[in-house]
Structures are given as structure tokens and as C-alpha cells.
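These are the residues of each chain, in order.
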Amino acid sequence: MKTKLTRKQLLGNLLLFFGLIAITFFLLLRGQNPRELWQAIRSARVSMIGIAIGCMCVFVLSEGAVTWQCLRLFGCRSRLKNNIFYALVGFFFSSVTPSASGGQPMQLYYMHRDRIAVPTAALALLVQFSVFQIVTIACAAVGFGTQYAQLVQEGGAFRYAFLLGTAVNAALLVITLAMIFSKQASEKILHLLVRVLTCLHYKKANQMQQQLTEQLALYQRGTQYLRQNGHVLCGIVGLTIVQAVAFYTIPCWIVLALHPAAAHSFFAIAAMEAVLYVSVSALPLPGSVGASEGAFLLLFRAFIPSGALQYAMLLSRGVSFYLFVACSGGAVAVRQLLQPNKQTLS
């Protein structure tokens, strides 16, 4: 099996990723006093920052546990530690590729290297993705409903970004669920895709149709396992809720680290983070770099004093994104060094 990301593509994505980071932080930190910035970060409550980092660890561990459960559901016995690694792989490659397009292909690649059959791995990832999308959209809808007045007051036109993000995520969810549960709908989607490729004079359109038809048949046979093991699916949903809540509360702990008086806004901050996450997820930017930072400054200024807002954004994104991009990238690099020529299934 070959990954969809060649070394040249990965290098290009990394250059774009780090270029966006450089531009973002140049604009955000322009005119800032480095000494004041460092002093503000040093004065933050370490215990609260530790809880925020712990929440991010829960986010990654929960995803690994969900993938592990999904694989077991379809009869594949794999080690939990390997699935935690797959979660780190997904986080890293989703972060450095536009629209998170590299995450699942690279997870499939490493699962294949560990001798997990591709159809089983793909179905497990589709189920994990579907449940995550459902929970994400539900949390964002609650956040949008409870914080609508604040969004209109502070964000203005930002609510349209939320509607766009929700529409894109909902469309992805519908397509994924159709692939898993509806033979008729998936055949129509496949037929439409082949027609588009044929109109674009893609020579391998018919070959692709045959391969995808076989793959969809395998996916839909997997729905029998889902129907017969509803209790396992409930456990997967529960773990995904824990994962989402852990992630959305990270800014809350960071705010408490810098400004303890903001404790009364805990739920509002978490709800707003759910809205922010969905709103920027539709943008074709690696890791939503730039958009996430700017949206944070826009949406959270009602909850955080202006003097601490910039520092809260830097610490929140540092914990929930940049720190774990470094950790997950390091895990991938170590794996490559330890097993550079591991054989895969043909």
C-alpha cells in the first residue's frame, strides 16, 4: 500500500504550514514586548496549565481507545498502544495538510504496516470519523444556541463562518454514513463521482469504480457488526464525548491560569470553543493556522480581560495544537527510525 502523501507533497505541506505559522505569529506579536509576554506566561498558574495539557492527553488517548474499540468490533485484535500511535499520526498529518486531508490516509498506511487489513482499518476509521462528526456538530450546535447573542455582538459575520463549517461537516458526515449504511445512496454517490471523472477525461475512472464498489460492499457488510453490537457503539460514543469535552475545555483552564476571576464563564468559554472549532475546520489551511488564532481573539474578548487575551490565545493554541504537533511529529519520526523498512502486506 502506498500513502497518498509523497515526500515531495509532505515537504510542500510542511513549508506551507511553517510559513503560515511565521506569518501568523509575526502579525500577532508585532509591537509586543517579549519581556512582558514572558512575565505573563511565568505568572500563570502552573496547575491549571497542567490540567490543560492533561485534557489534551485525554483527547489523544480517547481517540486511540475509540479506534481500538472499532477494530475489535470488526474482529481485529490490535494493541491499544498501537492505536494511540495511530491517533498521534492522525493528529500530526491532519495538522500539516490542508483541510486535514492527510490524517486518515497516513493512519491507514501505518495500520497496513502493522498488518491490519485495509478494508477493516478503513471501516474502523470511517466509524470513528462518523461518531466524532456527530458529537462535534452536536456540541457546536449547543454552543451556537447558548452563545448566539454573544456571537452576534462580538463575532458579527463570524456566525456565517460557523454555518459554512457546519454545512461542510454535515455533508461529510452524510457521505460517510451513506458509505457505511446505505447501499443505494453510496451507489448513487459513486456513480456521480465516476461521471465527473469521466467528464474530466480521467482514464482510470472505470477501474476506480470497480475498486470502490468492492470496497463499499465490504463496508456495508460491516454494518451487521454495528447492529449486533449496539452496546459497543454506545461505548464508542461515550468515549468520543469525553474526547470532545476534554478538548473544548482547554481554553477554560488556560483562562483560569491567567485570570481566575473568569471561572464563572467556564461553560460559555467551552461552548464558544466548540463553535470556533467547527467554524475554522472548513478552511483549507493546515491546522487552521491563522484562522484559529484570529477567531480566538475575536470570540473570547468578552470573557477575558484585554490585557490577558493575547497571552490566553498563545497558551491555549500552544497546548491544544503546537505542543502536540511537536509531540506527534516526534512519535512519527521515532517510529520511522526504529522501523524504517518494516514489511507490509501486498
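Here the structure is a predicted model, which means the values were calculated and not measured.

1. Points about the packing of helix H8 (residues 158-181) against helix H13 (residues 266-281)
Okay, so step 1: As a packed pair, H8 and H13 sit with axes 7 Å apart at the nearest point and diverge in direction by 70°. The angle between the axes of H8 and H13 places the two elements in the roughly perpendicular class. For the crossing formed where H8 meets H13, the hand is left-handed. Mapping the contact onto sequence places Phe158, Ala161, Phe162, Gly165, Thr166 and Asn169 in H8 and Val275, Val278, Ser279 and Ser281 in H13.

2. Regarding the packing of aromatic side chains
Okay, so step 1: Taken as a whole and assessed by the stated rule, the structure comprises 15 aromatic pairs.
Okay, so step 2: Summarising the aromatic geometry, the rings of Phe144 and Phe162 are spaced 4.3 Å apart at their centres and angled 5° between planes, so their arrangement reads as stacked. With a gap of 18 residues between them, Phe144 in helix H6 (residues 118-146) and Phe162 in helix H8 connect regions that are remote in the sequence. Here the two residues Phe144 and Phe162 agree in accessibility, since each one is buried.
Okay, so step 3: The structure contains a cluster of three or more aromatic residues connected by ring pairs, namely Phe59, Phe132, Phe247, Tyr248 and Tyr277.
Okay, so step 4: For Arg317, the ring lying beneath its charged end belongs to Phe321, and the centroid distance is 4.3 Å.

3. Looking at the confidence of the model for the protein chain
Okay, so step 1: Chain-level pLDDT for the protein chain is 81 on average; 81% of the residues reach the 70-or-more range.
Okay, so step 2: Here helix H10 (residues 205-228) stands out as the least confident element of the protein chain, with mean pLDDT 67; helix H3 (residues 46-73) is the most confident, with 94.

4. A look at a nonpolar patch on the surface
Okay, so step 1: Taken together, the side chains of Leu164, Val168 and Leu172 define a hydrophobic patch exposed on the protein surface, amounting to about 240 Å² of accessible area.
Okay, so step 2: Following the sequence through the fold, Leu164 ends up in helix H8.

The rules we used
Residues numbered from 1 in each chain as written. Predicted model: local features only at pLDDT ≥ 70, side-chain atom pairs only at ≥ 80, totals over all residues. Heavy atoms only, no water. Axes fitted to C-alpha atoms, helices over the stretch in contact; angles between N-to-C directions. Helix = DSSP H or I, 4+ residues; strand = E, 2+ residues; numbered from the N terminus. Parallel < 35°, antiparallel > 145°, perpendicular 65-115°, else oblique. Left-handed = near helix turned anticlockwise from the far one by under 90°. Contact = heavy atoms within 4.5 Å. Phe/Tyr/Trp six-rings, centres within 6.5 Å; stacked < 30°, edge-to-face > 60°. Buried < 20%, exposed > 50% of the residue type's maximum accessible area, 1.4 Å probe, protein only. Lys NZ or Arg CZ within 6 Å of the ring centre and 35° of its normal. pLDDT = per-residue confidence, 0-100. Patch = residues over 30% accessible without salt bridge, like charges linked within 9 Å, V, L, I, M, F, W, Y side chains within 5 Å. Areas by Shrake-Rupley, 256 points an atom, 1.4 Å probe, with all protein chains shown as cover. Salt bridge = Lys/Arg side-chain N within 4 Å of Asp/Glu carboxyl O.

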